[in-house]
Amino acid sequence: MKGDIGVIGLAVMGQNLILNMNDHGYKVVAHNRTAEKVDEFLQGPAKGTNIVGAYSLQELVDKLESPRKIMLMVRAGDVVDSFIDKLVPLLDKGDIIIDGGNTNFPDTNRRVAALKEKGIHFIGSGVSGGEEGARFGPSIMPGGSPEAWPFVKPIFQAISAKTENDEPCCDWVGNDGAGHFVKMVHNGIEYGDMQLITEAYQFMKDGLGMTHDEMQSVFIEWNKTELNSYLVEITSDILGYKDTDGEPLVEKILDTAGQKGTGKWTGINALDMGIPLTLITESVFARCLSSLKDQRVEAEALFGKKESIVEGDKQVWIEALRQALLASKIISYAQGFMLMREASNENGWDLNYGNVALMWRGGCIIRSAFLSNIRDAYDIDPELSFLGSDSYFKGILENSMSAWRKVAAKSMEVGIPMPSMTSALTFLDGYTTARLPANLLQAQRDYFGAHTYERVDKPKGEFFHTNWTGKGGDVSSTTYNS
Ligand code: NBP
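Okay, so let's go over this structure. (Residues numbered from 1 in each chain as written. Predicted model: local features only at pLDDT ≥ 70, side-chain atom pairs only at ≥ 80, totals over all residues. Heavy atoms only, no water.)

What about the site of the ligand?
What surrounds the ligand is a group of 19 residues, the closest being Met13, Asn32, Arg33, Thr34 and Lys37. In this structure, an oxygen atom belonging to the ligand sits 2.9 Å away from a main-chain N or O atom of Met13. When the ligand sits alone it has 890 Å² of accessible area, and the protein chains cover 73% of it. Mapped onto the shell around the ligand, the elements with two or more residues apiece are α1 (12-23) and α4 (78-87). Looking at side-chain class alone, the shell around the ligand contains 10 nonpolar, 6 polar and 3 charged residues. (Near = heavy atom within 4 Å. Polar contact = N/O pair within 3.5 Å; in protein donor to acceptor, adjacent residues only side chain to side chain. Areas by Shrake-Rupley, 256 points an atom, 1.4 Å probe, with all protein chains shown as cover. Helix = DSSP H or I, 4+ residues; strand = E, 2+ residues; numbered from the N terminus. Nonpolar A, V, L, I, M, F, W, Y, C, P; charged D, E, K, R; others polar.)

Pasting the structure below:
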């Protein structure tokens, strides 16, 4: 009997996905560049299963049922192109290559188009959930050649995470690089969620002087509220974890955050598309700032250490912080969905935002109860342009406003950096202001560069230039927007 699917790449993700597929009754053929890893896998975790090995790409291709489905779980970038180049001469028309790595979506756009010319279908799929997700049910976000989806769907939906209603956290996202785009936004949102939690931690630790056990209890309680999520849950575990000397391990970890690029890509795309994705972008910059450790140590010595004491009833502050965190999180998701909407319009992907929320509901790092409410919001209005306008989320934003402002103001007053919570509030203030000071900005542009402006008392699209000093000419610049 031939194999149902081949997987190339036997590192943590590949091995665990294969074992997951095997558990669901699929016969998997496993290959890896370094052949010894195939043997190690077959004699180790795969021992006693139906998984078979292939020591060359030809052997892999020969062992697969038609149309062949070959999933790459290798390092993103050139390695994926190199495997595609080697596979194509061995494949038949109608065969399917799947890239399950963290690929930047323009690469997927390019690969779908290039392989289409050769009659090969290509799927670029986000896979989230790390090692445990891959093994027992990840969130899977596939996009690419739609003709390939019916062949891959049963396998992917079987191995994916399920919601409490047993719905698979995997569905077709859209054409071309849509799957990898949605995975990129997922990762950007993950950056935002993590940064917000760290800001709450710093406020509690430095501002309120709380112990780690106290903070752990707060996160345990928060996890019983609308903030219920995987990241809040693991934060409570981390805060309670003691090193061998009985002290909290988290305080012994160097405060410089790493990043692998997906948050940065999300920010770059937001700038390219003109979407104010402020919270995620601030979260990426917060990681960049954290990495300037030596400079920060010098600067603290130069400026003096801040005494960031927050006075007042601790319980009142903790509840205010919870509300600020929840409201900021709504803004982060609202901005992320604005970005997806713009990308969907620009690329003709026709994204289903309720389905995206459903795919993130289980298996992935940002899984949370909250995503069910997002799904409901898009069920009510599939074209919702701002998540905060949905009645459920609008209610939370309004109820949290006073506490959110207090936390933001206090953090500024005592010098606790909270870039994401404060920028989220500033965004909402801007978004809900019908008249912003951009009129003055347009006047400045026209003053120094004859960039022209539109008038509130004239039809849109009519442009005016004023000779502000009486010295300039009357020639205006062209009125394009980049
Ligand atoms: P890695 O990203 O560490 O990749 C390891 C695999 O890539 C091995 O099979 C390795 O082969 C192969 N490889 C490398 Br590295 N360089 C190669 C080359 N020049 N030619 C051929 N093969 C090469 O594995 P991973 O952490 O399992 O992740 C796989 C993909 O899934 C990545 O794109 C990753 O970003 C993504 N992802 C990872 C996670 C996670 O939590 N780790 C979560 C979600 C998505 P070798 O054994 O011969 O060196």
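Having seen the structure, we can now continue with the description.
Structural notes on the environment of Ser332
Relative to the helices and strands, Ser332 is located in helix α14 (residues 314-347). For Ser332, a relative accessible area of 0% translates into the label buried. Note: C-alpha distance between Ser332 and Phe427 (95 residues apart in sequence) is 10.0 Å. (Buried < 20%, exposed > 50% of the residue type's maximum accessible area, 1.4 Å probe, protein only.)

Quick notes on the packing of aromatic side chains
For the structure on display, the rule yields 19 aromatic pairs. Ring plane angle 55° and centroid distance 5.6 Å describe the contact between Phe203 and Trp317, whose orientation is recorded as tilted. Note that Phe203 is positioned in helix α8 (residues 178-207) and Trp317 in helix α14, a separation of 114 residues in sequence. When sorted by exposure, Phe203 lands in the same class as Trp317, which is buried. Measuring from centroid to centroid gives 5.2 Å for Phe337 and Tyr378, while their planes differ by 20°, and the two rings are stacked. (Phe/Tyr/Trp six-rings, centres within 6.5 Å; stacked < 30°, edge-to-face > 60°.)

As for the sheet that holds strand β3 (residues 52-53)
Strand order in this open sheet of 8 strands is β3-β2-β1-β4-β5-β6-β7-β8, and the pairing throughout is mixed. The two strands at the open ends of the sheet, each matched to only one other strand, are β3 and β8 (174-175). Where strand β2 (residues 28-31) and β3 come together, 2 bridges link them in parallel fashion. Considered in β3, the bridge of Val29 is made with Val52. (Pairing = 2+ DSSP bridges.)

Regarding the layout of surface pockets
Approximately 420 Å³ is the volume attributed to the second largest pocket. Among the elements that line the lining of the second largest pocket, the one with the most residues is α4, at 4 residues. (1 Å grid on protein atoms, 1.4 Å probe; cavity = no way out; pocket = protein on both sides within 12 Å on 5 of 7 lines; lining within 4 Å. Points joined across faces, edges and corners; volume = space filled by probe spheres on them.)

Description of a positive patch on the surface
On the surface, a cluster of positive charge is made up of Arg33, Lys37, Arg75 and Lys86. Mapped onto the secondary structure, Lys86 falls in helix α4. (Patch = residues over 30% accessible without salt bridge, like charges linked within 9 Å, V, L, I, M, F, W, Y side chains within 5 Å. Salt bridge = Lys/Arg side-chain N within 4 Å of Asp/Glu carboxyl O. Lys, Arg positive; Asp, Glu negative; His and termini not counted. Charge placed at Lys NZ, Arg CZ, Asp CG, Glu CD.)

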